[in-house]
Amino acid sequence: MKTPQKRRVSLAKSKLQSNTTFRMNILFFAIFLLFSMLILRLGYLQIVKGEDYARAIARTEEVAVNTSVPRGRIFDSAGRLQVDNEPVNSITYTKMQTTKSSEMMEVAKELAKLIEKDTKKVTLRDKQDFYIQLNTESATEKVTAEERAAIEAEDATQKEKQQKLDALIREKITDEELDSLTDEQLEVLAIYREMSSGYALSPQIIKGEGVTDEEFAVVSERLTDPKLEGVNTITDWKRVKMTDLTILGSTTTPDQGIPANRLDYYLSRDYSRNDRVGTSFLEQQYEDVLQGQKSIVKNVTDGRGRVIETETVDEGEPGKDLVLTIDSELQYELEQIVEEKLLALKAGPNSQLVKDAYLVMMDPRNGEVLSMVGKRVGEDEDGKRIVSDYAFGTFTAAHEMGSTVKGATLLTGYAEDAVEMGEVQIDEPLKFAGTKQKNSIFNTTPFNRIPLNDIMAIERSSNVYMFKIALEIANRQYQYNSPLSVAPESFNLMRNSFAQFGLGAATGIDLPNEGTGYPGGTYPGPKLLDLAIGQFDTYTPMQLAQYISTIANDGYRMQPHVVKEIRQASPDGETLGPIETIIEPKIMNRINNTQEEIDRVKEGMRNVYIGSSGSARAQFSDTPYTAAGKTGTAEAYFFERGHELHGTLNVNIAHVGFAPYEDPEIAYAVVIPYVTTDPTKVPRTNNEIARAAADKYFELKEQRSEDEANEIKPPFSGTRLD
């Protein structure tokens, strides 16, 4: 029986309605799931990641830019200006985040009409790229289809292929084509390369030193011109030294920026690539102090990368000022003394190799370096004799110092029970197997015997007395013409003892790259005797000054320093800023000797100046102040390959001393290497310099007035070096 037509229609409608409802339910459920996922996602973004995205937006819209601040200045101990910052007009360019190369090129062309720009820094690569930019079509056609196909066939990334193609195009540009660039085009290129080398939103100096008043004015007048968008005029600064004293150091210019070998170091400390940094001596040693804290300016940009607002986040702080321990007036006067004596030596006989002379004066009580003089004589292009500053040689150049170290030898003997105070030894020429006779200068006759106690040994500079101390330390007995074998431990013992005085050890001076001299080794045995009289190991003039300061300061070795104070920047330009840090005296160690033993050596050194046999009596017996010291000569071989006097025997002369004897306030060391090629005729210039230097110190001390310590004063000499 067939279902009626009406019922079939009803069943079909019912089935359709049921399917539609099911599908709608599925659709609504799907929509519900999608909305739920969307809500969960939005909640995650807002609650969990909200701060991260807010910071990302801030980075995009608010860009912080560091700008340099004036570098700290350097003053001498009396407040005289030594290194300053001189304001200079500068022209800068700041590119936006969206600035195109073509737009910078147009600005460079317009700016080239207003200023003159040196083109010396334009490189071959710069010229090649610029030529390609000006002649794109003809330059690219230089590469043949076959060459292009060969590059495309290489197994490399597309970027690497493009780099090879660009390099090939540059190779095909001829010198004639590069020479076709006009002076005007090269000037545009020089400006453009400066513009493109900076970071977005960071001002880049296009022209610093040498901006004329006319250039500064004409550019300033057109700062609102759209053709000069990004160009600005500012007052920058350059570093100016008021003296040629090398230890003040030097800094880079904005063009030089951070040295390549220290790029990572400075970039990790928030420096910019074109920041000025100290590259030597004080400027390098105190970079963190002198640099200051950069100001931070926040540029707010719109969606197109254009700056719509500038806001100062941090004003920054100028660099701290350094006040030195060095008195520039004393420094100047001592330089004149050393220079005059050095030139006189050079003009005298047997002076082919003499070229340097050093003088260090310090306060033995606190380690303050009052003066450090180094002079080097040479010739200019015309063959005229000139003298240049070589002060850094006082702590980097090492030489044999001769008998000046005998105070350390005697004190070592006391400490090691190798000799007693007042003990008499026989000064007699010594002969060991396989060596020449070893004797004191005043006693060269074989088997001649002269009794000397310890004070007389210092006064008369007995080599043999010191030899016998060394032999006792090595536990060896002298026998005529017998071999001498010494254990390495004996060398080490003496060197460790000498190091207590600063000989052969770092003095700790606050300057970079200090030299510590060179130990001569531990063989053969007779060399231990040479070590005892300063003719084996080498020491620097600064080490020698620390050594005599240690004796003058009753055995306390003070760390030498050339910076006395660190101050905040001057508030008014007329007075020094508030003191931030005082460099306190630092005791490095005390030698292993009693006060009586130290006084015994001091007495011997006093006799060097006033005793009947004193080697410096002629220069110091009539001083209006009391003083003590020790002279030294050392035979030294000159080694310089290719030099006509390579391997020649020469003589170094040195001198150490302190004054006043009862309460020392200065200690000094003089060193003149290779003073003569004739060991039989040794000049006494070391003694003369020492006397003149001590005289000058006390003379200036009498003349000093109690003026305002905080007042900024002009440099003493008036000499300024740009």
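Residues numbered from 1 in each chain as written. Predicted model: local features only at pLDDT ≥ 70, side-chain atom pairs only at ≥ 80, totals over all residues. Heavy atoms only, no water.

**Student:** What is the right way to read the pattern of salt bridges from this model?
**Tutor:** When charged atoms on two side chains of opposite charge get close, those side chains can pair. For the structure on display, the rule yields 41 salt bridges. One salt bridge connects Arg495 with Asp537, and the closest N-O pair in it is separated by 2.7 Å. Linking Arg495 in helix H19 (residues 488–499) with Asp537 in the loop between helix H20 (527–532) and helix H21 (541–552), this pair joins segments that are 42 residues apart in sequence. Since its relative accessible area comes to 16%, Arg495 is described here as buried. (Salt bridge = Lys/Arg side-chain N within 4 Å of Asp/Glu carboxyl O. Helix = DSSP H or I, 4+ residues; strand = E, 2+ residues; numbered from the N terminus. Buried < 20%, exposed > 50% of the residue type's maximum accessible area, 1.4 Å probe, protein only.)

**Student:** Got a minute to help me understand the packing of helix H16 (residues 406–415) against helix H18 (residues 463–473) in this structure?
**Tutor:** Viewed as axis vectors pointing N to C, H16 and H18 meet at an angle of 40 degrees, and their least axial separation amounts to 10 Å. Taken together, the axes of H16 and H18 lie oblique to each other. Handedness of the H16/H18 crossing: left-handed. Together, Lys406, Thr409, Leu410, Thr412 and Gly413 of H16 and Asn463, Tyr465, Met466, Ile469 and Ile473 of H18 make up the contact between the two elements. (Axes fitted to C-alpha atoms, helices over the stretch in contact; angles between N-to-C directions. Parallel < 35°, antiparallel > 145°, perpendicular 65-115°, else oblique. Left-handed = near helix turned anticlockwise from the far one by under 90°. Contact = heavy atoms within 4.5 Å.)

**Student:** Explain unusual backbone geometry here, please?
**Tutor:** Note: most residues except glycine have negative phi, and most peptide bonds are trans. In this model, Tyr523 is joined to Pro524 through a cis peptide bond whose omega is -5 degrees. Following the sequence through the fold, Pro524 ends up in the loop between H19 and H20. Pro660 follows Ala659 through a cis peptide bond whose omega is -15 degrees. Tracing the chain through its elements places Pro660 in the loop between strand S19 (648–659) and strand S20 (666–676). Although it is not a glycine, Asp270 sits at a positive phi angle of roughly 65 degrees. On the secondary structure map, Asp270 appears in the loop between helix H11 (263–267) and helix H12 (281–285). With a relative accessible area of 59%, Asp270 lands in the exposed category. Positive phi outside glycine occurs at Asn513, with the angle close to 65 degrees. Mapped onto the elements of the fold, Asn513 is located in the loop between H19 and H20.

**Student:** What is the right way to look at the pairing of strand S11 (residues 385–389) in this model?
**Tutor:** Looking along a regular strand, one sees side chains alternate from face to face of the sheet. Sheet topology note: the strand S10 (residues 369–379)/S11 ladder contains five bridges and is antiparallel. By the bridge assignment, Arg376 is partnered in S11 with Ser388. From the end of S10 to the start of S11, which pair antiparallel, there are five residues, and Gly383 there has a positive phi angle of about 80 degrees. (Pairing = 2+ DSSP bridges.)

**Student:** Could you clarify how one ought to interpret the side chain of Glu194 in this entry?
**Tutor:** Among the secondary structure elements, Glu194 is positioned in helix H9 (residues 183–196). Glu194 gets classed as buried once you look at its relative accessible area, which sits at 8%.

**Student:** Is there a simple way to explain the nonpolar core in this structure?
**Tutor:** Burial of nonpolar side chains together is a common tendency in soluble globular proteins. If you look at the biggest cluster of nonpolar residues, it comprises 113 residues, and the most contacted ones within it are Met372, Leu544, Tyr547 and Tyr668. Core analysis: the next-biggest nonpolar cluster, separate from the first, contains 36 residues, Val107, Ala108, Ile173 and Met195 among them. (Core = buried A, V, L, I, M, F, W, Y, C linked by side-chain atoms within 4.5 Å.)

**Student:** I keep staring at the sheet that holds strand S18 (residues 628–638) and nothing clicks. Help me out?
**Tutor:** In spatial order, the strands read S11-S10-S9-S20-S19-S18; together these six strands make up an open sheet with antiparallel pairing. At either end of the open sheet lies a strand with only one pairing partner, and these are S11 and S18. On average, each strand axis in the sheet is tilted by 15 degrees relative to the strand beside it, whichever way the strands run.

**Student:** Help me out: how do you make sense of the packing of aromatic side chains in this one?
**Tutor:** We describe a pair of aromatic rings using the distance from one ring centre to the other and the angle between the two ring planes. Taken as a whole, this structure holds 17 aromatic pairs when the rule is applied. Ring geometry for Tyr609 against Phe620: centres 3.9 Å apart, planes inclined by 10 degrees, an arrangement best described as stacked. Of the two residues, Tyr609 is situated in helix H22 (residues 595–610) and Phe620 in helix H23 (residues 617–620); the sequence distance between them amounts to 11 residues. Taking the relative accessible area as the measure of exposure, Phe620 reaches 1% and is therefore buried. Look at Tyr697 and Phe698: their rings are 5.0 Å apart centre to centre, the planes differ by 80 degrees, and that puts the pair in the edge-to-face class. The pair Tyr697 / Phe698 is uniform in exposure class, with both members buried. We note Arg276 situated over the ring of Trp237; from NZ or CZ to the ring centre the distance is 3.8 Å. (Phe/Tyr/Trp six-rings, centres within 6.5 Å; stacked < 30°, edge-to-face > 60°. Lys NZ or Arg CZ within 6 Å of the ring centre and 35° of its normal.)

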